[in-house]
Every structure is written in C-alpha cells, then in structure tokens.
Amino acid sequence: MISTMLKGIIIFGGGIYTGVYIAQNYQIDKVEDPKVLYEKAKAFICAKLTEFNDGKKGGD
C-alpha cells in the first residue's frame, strides 16, 4: 500500500519536473480547445471513411 502510494508520488513528481523543464527550455505551441480538436478528428475520420468506401465501390 505505502509502496504503491510512494510510486505514484514519484511518477507524479517526475511528470511535474519534466513539464516544467520542457516549458522553460522549449517553445511549445498552445493546444487547441478540446471542442476544436474533436471537430478536426471527426472531420478527418469522416474523410477517411468516405475515401475507404469510395475505394471499395470502384475496386475489383
């Protein structure tokens, strides 16, 4: 129980340290709003499905 909690704290601390290091030393673009990302992913998947379905109709 204690070892699991200690492991979680170490991983969390490592993640925080890594995030701070990257933020200080690299120029990172801001992440878009989740709603915009969802719409982009949805459009991409729809385009790929349409492309796949069109290929099946005209294929052998």
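Scroll up to find the structure.
What comes next concerns the included structure. (Residues numbered from 1 in each chain as written. Predicted model: local features only at pLDDT ≥ 70, side-chain atom pairs only at ≥ 80, totals over all residues. Heavy atoms only, no water.)

### Some details on the environment of Glu32
Positionally, Glu32 belongs in the loop between helix H1 (2-25) and helix H2 (34-58). Once residues lying within four places of it in the same chain are set aside, the contact partners of Glu32 are Leu37 and Lys40. Among the polar contacts listed, one links the side chain of Glu32 to the side chain of Lys40, at a separation of 2.7 Å. (Helix = DSSP H or I, 4+ residues; strand = E, 2+ residues; numbered from the N terminus. Contact = heavy atoms within 4.5 Å. Polar contact = N/O pair within 3.5 Å; in protein donor to acceptor, adjacent residues only side chain to side chain.)

### Focus on a nonpolar patch on the surface
A cluster of nonpolar residues, Tyr17, Tyr21, Ile22, Tyr26 and Ile28, forms a patch on the protein surface that exposes about 560 Å² of accessible area. Take Ile22: it is sitting in helix H1. (Patch = residues over 30% accessible without salt bridge, like charges linked within 9 Å, V, L, I, M, F, W, Y side chains within 5 Å. Areas by Shrake-Rupley, 256 points an atom, 1.4 Å probe, with all protein chains shown as cover. Salt bridge = Lys/Arg side-chain N within 4 Å of Asp/Glu carboxyl O.)

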